[in-house]
Structure formats: C-alpha cells, structure tokens
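# Descriptive structure summary
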Amino acid sequence: MSLLVTNIAELFTSDDELRTLHDAAIVVDAGRIAWVGPAAQAPSADDRLDADGRAVIPGFVDSHAHLVFAGDRAAEFAARMNGEPYTGGGIRTTVAATRAASDEQLRGAALRLVTEMRRQGTTTVEVKSGYGLTVEHEARSLRVARDLTTETTYLGAHVVPAEYQDRPDEYVALVAGPMLDAAAPYAKWVDVFCERGAFDGDQAREILTAGLKAGLGARLHANQLTAGPGVRLAVELGAASADHCTHLSDADVDALAGSQTVATLLPGAEFSTRSPYPDARRLLDAGVTVALATDCNPGSSYTSSMPFCIALAVREMHMTPAEAVRAATAGGARALRRDDIGVLRPGARADLVMLDAPSHLHLAYRPGVPLIRTVLHDGVPL
C-alpha cells in the first residue's frame, strides 16, 4: 500500500544542495520514495500520515559501530574522567568477556543496542567484529552481526590479543589468512585499527590487501590517537572510509580531498576520552566528504545516539546544523558506498524520521532532548 506523509513543516532532503522544502509531502510506495514535493500538489495514496507541522529528515546512517560484545567498561570511563589517559588497551578486557559469552548473550546485547539506535532515528547501521580475535570468535561475531545488518565489517585487526603479544607478525598472518577465510562469508568490509599500539602501516596494508583480494571493501581506523600513515593508506587503497581523522597533516587533508574516501568523524569518542575533536570545518572547506557516526562501543564511545553526535559536531567541530545532519545521513551512506539511503528523493529507500520539532535545527539546538517522533524503515513504522 502507498502512504502519503503530508503537512511536513520542513523536509530536509540531505541531497548535494542541502535543500529544505517547506509545507511538503512524501509519497511512499513498496518501500521506496515515489514522490517528493509541495503538499498542495501531492498525488493520492492508499493511506495518509499527518506530520502535523513537524520536520522530516532521512533516517540516520551510522557507518561505524562495534555492537557485538559482552560486558562494559564503566570503571575505565570513570578512571579517564579522573585523569587517566586513553590508550586503547582496554579492548582486551572486552575480548575476554566476549569470548566467554554465549551466542544468545551476544545476540541479545547487540539487538538491544540496535533497538536503541532505531528509537533514535538510525535506520542503517554498520556493525564490526573485533572483540573475538580468534578464527572461531571473529566468525561467530560476524554471524551475529549479519542477523542485524547487511553492513558487516571484519575487524580481526582491532588489537593484537594477549596470546600473540610477543608474536605480532604471526597474528597479522592469521588475520590475513585463516581468520579472513572464516570471516569473509559473513562480511562486506575489512577494517584495521592502524595506530600506535595496534597495527602499523605495513601490517595494515597486508591485511587490507588480503581483504580486498577476498572481495571485501576496505575501511580503516586512521589517525585517531596520533598522526600516522592511516589516512593516506586508506586513500591509496581506495577505502570507502577513513574513520576518526583526528590528527591530520595538510597532506592527509589534500589526499582525502582528491579521493572518493570519506572522512568519518566520531565525536562520541572524543567526548568519552577527553581527546581533541577533529576539525570538521577544515575538512569541509577542503572539499572532503564527511560522515558522522557513533562509534558505539563499550570502551571509548558507549553511545547509540546519532542526535547526540550531531549536537557535538555542531558545538565542538564547527559544523553547521545542516552539514551535521547531512553528514549523519548522506555522508554515512557515502561511507558505505550506498546511494539508496541517507537522502529523501524518488527511488531512494523509504527510511525517514519525523522529529517532534519544526526544523532539523532542533537536533543541535535542543541537545539531549528525545526529538524522534516516528521512524519509517522501508516505509514501515518501527
């Protein structure tokens, strides 16, 4: 059945022109957007949803999340708030808890987070492995993730686990070989944490190249804690996204600007670790495509809220509200190499969010307020 959503005060299309339509309507048919335009010109439909003067935006596209894990690291967060620095070392704590959990426990915990995300307007989420770090547990994590989304990422190269601490080259060979073979049937992407204390540029190249040869797309955790080779390696290998992008040289920015690689910014991580925020304004002014994502994970960004990340991006990263909403929708879609989500135009998937507000501006203007009124996924209310 077709559905007419009408009496929309502001329709934020999230297209290249950042258009907003007023007194607008949308017709949804067979899970797709069939028509967009002025409410007075809307065609008839089988059913009708009155927005009653509210704003409508695309569903959020969260292109970076770590949802398959057990336990939490609240004590680690408290220690950071007491002045201890973030190093990424706490990942191994989550690895131990995740390995000990049952499939049902992992699936239930991940589904809880996806449900939280949907209530807050996220209609597409990417989910990584990375807390198993054995052949068996990485494949298991991706099987769980595949039940939740088609955007699944193999992150066997999250950190070197304790049992390989003195044999990192052996672990890299495992990640690029038998572990990849077991994980690839359940993954769309391959990712590496390219950072001091995790994997260097040569190790990241070996793993990403193996993943590309296995038919996976590339993504990369890059330049989060320090300057390094990650961003330029992502561009060189044609990665869909370089994520974090906190410590960038002029050469890094130029490389991103001349490529199809999206800079995915994760302000929840900076909030939770008291680290410097990336400079989104610098990237946008250089012509780089920017995405926003939650980086939802138990250690460094335990938030499932894209509206929260939008508010942080506007307040701390010098984005306009329109730029931040677009980065959280169309930008996230670009980071997943998708053109059927993150925008409101005929032919796109009917993923849309009705706000309890007259404009997208309220997502940053009213931080922390639950403004998500209605979520449609494939044209069906969630």
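This write-up is about the structure you can find in this document. (Residues numbered from 1 in each chain as written. Predicted model: local features only at pLDDT ≥ 70, side-chain atom pairs only at ≥ 80, totals over all residues. Heavy atoms only, no water.)

### Here we look at the overall build of the protein
The condition is simple: Secondary structure is summarised from DSSP: a helix means a run of H or I of at least four residues, a strand means a run of E of at least two, and numbering begins at the N terminus for each. For the radius of gyration, the atoms used are the C-alpha atoms, and the globule rule reads 2.2 Å times the number of residues raised to 0.38. Residue exposure (1.4 Å probe, protein chains only): buried if accessible area is under 20% of the type maximum, exposed if over 50%, otherwise partly exposed. Only heavy atoms enter the contact rule, under which two residues are in contact if any of them lie within 4.5 Å. Reported accessibility uses the Shrake-Rupley method at a 1.4 Å probe radius. Residues are deemed covered only where the shown protein chains occlude them. Charged residues are defined narrowly, with Lys and Arg counted positive, Asp and Glu counted negative, and His plus the chain ends left uncounted. By convention, the point assigned to a charge is CZ for Arg, NZ for Lys, CD for Glu and CG for Asp.
What the protein contains, in helices and strands, is 14 helices and 16 strands. Relative to the globule expectation of 21 Å for 382 residues, the C-alpha radius of gyration of the protein, 20 Å, shows essentially globular dimensions. Considered along the principal axes of its C-alpha atoms, the protein spans approximately 70 × 45 × 40 Å. In the protein, buried positions account for 59% of the 382 residues. For the protein, contacts bridging at least 24 residues in sequence account for 71% of all contacts bridging at least 6. Taken as a whole, the protein presents about 14,600 Å² of accessible surface, with 50% of it coming from carbon and sulfur. Looking at the protein, you have 35 positive and 48 negative side-chain charges, and the mean spots of the two groups are 2 Å apart.

### Some thoughts on a negative patch on the surface
Rules: Like-charged residues are merged into a patch within 9 Å and nonpolar side chains (Val, Leu, Ile, Met, Phe, Trp, Tyr) within 5 Å, provided each residue has over 30% relative accessible area and no salt bridge. One speaks of a salt bridge when a side-chain nitrogen belonging to Lys or Arg is within 4 Å of a carboxyl oxygen belonging to Asp or Glu.
Residues Asp169, Asp200, Asp202 and Glu206 make up a contiguous surface patch of negative charge. Positionally, Asp200 belongs in the loop between β9 (189-194) and α7 (201-213). By relative accessible area, Asp200 is classed as partly exposed at 41%.

### Quick word on the sheet that holds strand β10 (residues 217-222)
Applicable threshold: Whether two strands pair comes down to DSSP finding at least two bridges between them.
Ordered in space as β7-β8-β9-β10-β11-β12-β13, the seven strands form an open sheet in which the pairing is parallel. Only two strands of the sheet have a single partner each, and these edge strands are β7 (127-128) and β13 (290-292). Where strand β8 (residues 152-157) lies against β9, three bridges are found, and the strand directions are parallel. Within the sheet, the bridge partner assigned to Thr153 lies in β9 and is Trp189.

### Concerning helix α13 (residues 321-335)
Rules: Helix span, expected: 1.5 Å multiplied by one less than the number of residues in the helix. Note on bend: the value at a residue is the angle between axes fitted to the seven residues ending there and to the seven starting there.
Spanning 15 residues, α13 covers 20 Å between terminal C-alpha atoms, matching the ideal 21 Å at 1.5 Å per step. Residue Ala327 marks the point of greatest curvature in α13, where the axis turns by about 45 degrees. Burial of α13 is extensive: twelve of the 15 residues sit out of reach of the surface. Restricting attention to buried positions, one finds in α13 the residues Ala322, Glu323, Ala324, Val325, Ala327, Ala328, Thr329, Ala330, Gly331, Gly332, Ala333 and Ala335. Remark: Arg337 follows α13 within two positions and exhibits a positive phi of approximately 55 degrees.

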